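Structural characterization, general
Residues per chain, in single letters:
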Amino acid sequence: MQALKYARAASVDDAIRLLRDGGEAARVLAGGTDLIVQARERRREVHLLVDIKRLAETMVLAYHAPTPPDAPPGFYIYPGLEVGAAVPLYRVYGDPDVQRHYRALVEASHVIGGTAIQGRATLGGNLANASPAADSIPAMMALGGVARVVGAGGTREIPVAEFCTGPGRSALQPTEFIVSLYFPPPASRSGSAWERFIPRNEMDIAVVNAAAYLAFEGDTVSEARLALGAVAPTPLALPDVAAALVGRPLDDAAIDRASAAASAAARPISDMRGTEAQRRRLVGVLVGRVLRKAAARARGEEVPA
Amino acid sequence: MTTTESAPSTEYRVIGTNPVRPDGVDKVTGRAVYGADVRLPGMLYGKVLRSPHAHALVKRVDASKALALPGVHAVLTNADFPEPLEPVMQTVRGPQPTRWDTERILAGRKVLFRGHPVAAVCATDPHVAEDAAALIEVEYEVLQAVATLDDALAPDAPILHDDGLASLVDGLFDPVDGKPSNIARQFTLGFGDLEAGFAQADIVLERQYETAMYHQGYIEPHNATAVWNRDGKVTIWTSTQGAFGIRQNVARVLNLPLGDLRVIPAEIGGGFGAKNVVYLEPIAALLSRKTGRPVQLTMNRTEVLEATGPTSGTRSWIKVGATKEGKLLAADVRLEFEAGAYPGSPVAGGARCALGPYVVPNQRVVGLDVVLNRPKTAAYRAPGAPAGEFPVESILDELAEQLDIDPMELRLRNCTALGMPRSDGAVQGNIGAREVMQAVISHPHYRSETVGADIGRGVAMGFWQNGGGESSAYAMVHADGRVTLVTGSVDIGGQRAALAMQFAEAMGIAYEDINSLVGDTDTIGFTGNTGGSRTTFATGWAVYQAAMDVREQLEQRAARIWECAADEVAYDPSDAALHGPDGKVMTFKEAARRLPGTGGMIQGQADIVSTNVGKVGACFGAHIADVHVDRETGKVTVLRYTAVQDVGKAIHPAYVEGQIQGGAVQGIGMALNEEYVYDSNGRMLNASFLDYRMPVANDLPMIDTVLVEVPNPGHPYGVRGVGEVPIIPPLGAIANAIHDAIGVRVTSLPASPRVILELLDEQAGGA
Ligand SMILES: Cc1cc2nc3c(=O)[nH]c(=O)nc-3n(C[C@H](O)[C@H](O)[C@H](O)COP(=O)(O)OP(=O)(O)OC[C@H]3O[C@@H](n4cnc5c(N)ncnc54)[C@H](O)[C@@H]3O)c2cc1C
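Residues numbered from 1 in each chain as written. Chains lettered and ligands numbered in written order. Predicted model: local features only at pLDDT ≥ 70, side-chain atom pairs only at ≥ 80, totals over all residues.

Some remarks on the overall build of chain B
Scanning chain B for helices and strands turns up 20 helices and 29 strands. Since a compact globule built from 767 residues should have a radius of gyration of about 27 Å, the 27 Å found for chain B is in line with a globular shape. Overall, chain B is about 90 × 75 × 50 Å in size when its C-alpha atoms are taken along their principal axes. Evaluated residue by residue, chain B yields a buried proportion of 58% over its 767 residues. For chain B, the proportion of contacts with a sequence separation of at least 24, taken over those separated by at least 6, is 80%. (Helix = DSSP H or I, 4+ residues; strand = E, 2+ residues; numbered from the N terminus. Rg over C-alpha atoms; globule rule 2.2 N^0.38 Å. Buried ≥ 20, exposed ≤ 12 C-beta atoms within 10 Å, placed from the backbone. Contact = placed C-beta atoms within 7 Å.)

Observations concerning the interface of chain A and chain B
Interface size is commonly expressed as the accessible surface area that is lost when the partners come together. Contacts between chain A and chain B engage 19 residues on the former and 19 residues on the latter. Here the side of chain A that touches chain B takes four residues from helix α11 (residues 276-298) of chain A, the largest share from any one element. In terms of residue class, the side of chain A that touches chain B is built from nine nonpolar, five polar and five charged. (Nonpolar A, V, L, I, M, F, W, Y, C, P; charged D, E, K, R; others polar.)

What to know about the sheet that holds strand β13 (residues 220-229) of chain A
Residue and element names in this part refer to chain A. Ordered by their spatial adjacency, four strands build an open sheet running β11-β12-β13-β14, and the pairing between neighbours is antiparallel. Each edge of the sheet is formed by a strand with only one pairing partner; in this case those strands are β11 (190-197) and β14 (236-237). Alignment of strand β12 (residues 208-217) against β13, held across nine bridges, turns out to be antiparallel. Of the residues in β13, the one forming a bridge with Phe-216 is Val-221. Sheet strands touched by helix α5 (residues 103-111): β11 and β12. Its angle to β11, the strand with the most contacts, is close to 25 degrees. (Pairing = 2+ DSSP bridges. Axes fitted to C-alpha atoms, helices over the stretch in contact; angles between N-to-C directions.)

Considerations on the sheet that holds strand β6 (residues 146-151) of chain A
The strands making up a sheet are joined through hydrogen bonds of the backbone, oriented either antiparallel or parallel. Residue and element names in this part refer to chain A. Pairing within the open sheet is antiparallel, and its five strands lie in the order β4-β5-β10-β6-β7. Each edge of the sheet is formed by a strand with only one pairing partner; in this case those strands are β4 (61-64) and β7 (154-159). Direction aside, neighbouring strands of the sheet carry axes that sit 20 degrees apart on average. Looking at chain direction, strand β5 (residues 80-84) and strand β10 (residues 177-183) are connected through four bridges and run antiparallel.

Quick look at the structure:
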């Protein structure tokens, strides 16, 4: 590991200033479970760590239900889930509201690393690290997640589905960092699910992962989002495959069509973790599994992870 | 759950109980001093620069930029090694030019594997040393990599060892068809008349198998700390399974007198055979000589995987002939083992053990030791046997299927026994092979039905001959009746406890009254490595003899006190007391208290050598595996697993169970997901624990064990080594279970999900 400096940001503005002054080799530090490893193995040039863990804005974890129709006039709370970028995963999956409304997020964050890693690792770090195989990103995509970003140029929102631009590359500009992640409230009859395939049961990088969100009106799919990981240079949202599910019941034929279309849309490579053919096949299998699970959850069934 | 199958013993007081290990508190509180915890005044930190190429000529090494970096003290290359005084060295796998060992430690003219050390540097802190290593400039002429067995055996293969030194050793790299080759050695075992055997057979099967290269996966990386004093004395702290072996290896490459080199074994975080090889020790010593300061080196995980000693990738061919009743008549086996960059694969172990559990009247086992551009292999738990027995256990399963005989019943019909010949010509001693097979057949797991789709069961045997060798022990009796017991056996599996227990048993005193320690090369007599499942057996025997020595000296002392002849006094461990004439009695504690005033303290000591194969109790195990196969993803899940083993006499049953479970898990790893993945240039693609996929706890069910106790008459307490045999059966048991579940035969391990999917595709295509 090379010598490096550490600074704890006292405020969001302080963090921006530190990142600006530190230049290229200044990096935001959240849990450090990617960054410290990369620095120690000299896979990334780092001279300054800017710790963002002590900021109220990055440590928020709050869910607000949609405003009820009978609420008094003028009463309005922005509904949905806000997860600070530095909130450790164990708090995310341990939160009762997250457990009730965002099951895909629970499933993904529950298997990242092990207990020790989950005590430090964050959704913000998983996203900013922009690994094609990152486990939480497809879940965040399926749940319609949006990254709230600040930087020297002000604040902006980047949908998670548009955040990653290549392996390890993102839409973030210099001095920009993620403050929090926002997820809209799920529809009343909806469900989500996330799965990954790894040869072991723990401590592995996904050969493929997949996430789905489905909402229903009657028997008909009214809303669908589908995303994959480890099958393209970035995590992959599948809007077209999802759109084809909308407006009809989710029967076996529809699931098979979606699985086949997802397999075709995937752009996997062969590496020592899996071959292209194996990954395409797994995409079909996992898409079928997450769709069935999400639909069962939308029906109110208890489906274990 | 542990089941012990032997008559409940009232014979022993301490043996068979499960006391707490003496090193336990230090280990769970983080106080235990491992090699990398050693801190000496003025210590420098070293870093090894390693070859990025699998096969290349080293044209030039320029360290000037590294040496100019502030904080850097010295750089080392192979030129700093002395020319060996003895040109040929003996190794456990045969003689070899000594020069090759210095070149393995730091490359000379050539690098022979990716990760091969090329230079080493030391500096005031590890980070500066890293920076400095990156500043050393090396010019390579890249040669074609010999990446696979096929590459190595091709008629026009690049030759790894083209320096002419092989001619120093008879039978090493003999030319093939008049041309130099990469086959280091080839040998044939066996007896009988193969042709006649096959001619009588009702059924003949012939198959080919492969196993991947696997790493031992010990948690603690290799490390070494050395001080080369101005007076020429050298001290090394290291993580090793045997201080004396390290002393010999370091002394040989540095031309040091044994008496000038002291090796102190630190606590060890796993070895499984691989920590008997020197990597960093001579480098640390030479850097210390250059700088006059202590020097420490520690590997990272990538270095451990790329550049220490995994076990061989193998290819095997087997043909067996049997009667329709399942009686084996003939077996022809050919084993090709990858040695890595230098000769010395464990193919002999594989050949010796392949047919070990069975009586095969006509047999031939051919072994080939082949070099290629991968790290030199080292011992790994029952070296060679998992890959040697996998083909046999697989083909027997097919034989049982085709003959419609229960697979364990088929094995029982061919079970070896006392007096039967082994492939290597030795004769089986008093063994428990039959008892193990019978315990499987009557076990509730084996008798239960497998229920559910794509679920199957497999069984397989394992045989390991175990080791003996030399061990020393001494025991100091203190005036308060406590005893300090020192042995030379590094403790990697609870030996301090198991040895103290044997001493306590022999003396009739409490285990808690013994302080059990591991000595170093200057404080205890010669002792072989902790390996070959020898320690509880051989060092236990030395401990027993040391207790006998104490007893005899106590008898003499009591005779002096009682003014009688020594042979009138007898020490009785059943009441831990000396008994003299006229009903005189003196307890051990009382005798100890009187030692200072009656001639001084006493020490018992012993140095035993045991090489007799009849005395070293061979060991047999049988495993039962139930698996589920996910046909959609190819993932195999182990549902239930039972390991049955003849353990001789379990001194500390909980540790014996731990050995069996640990071995089984490593074997399951070999069967399912572990493997070295190389590209065609000889670059390892998965040199981390993330991608070198050892099983983790939640991949496994609890491994049930059945301890069958057939005492070894060659040991005072019936001990036979237990640590190695459990790694052997899982390969066959899992592969056979997969076949039972989904009807495909895995012939190339590991049976990773990709392999299973491919086999299922073939099955679907063929149907
Ligand atoms: C043993 C182990 C197991 C693992 N297992 C998994 C796994 O199963 N699945 C998986 O997906 N990952 C896994 N990881 C990777 C890692 O834990 C996750 O990617 C984690 O979510 C990263 O979060 P972090 O807070 O630790 O990020 P950090 O390491 O702090 O940061 C990662 C990167 O993102 C940047 N960054 C962090 N926060 C922000 C922000 N708010 N704004 C802008 N940039 C930011 C950093 O500068 C750095 O470049 C594992 C890691 C380890 C060590």
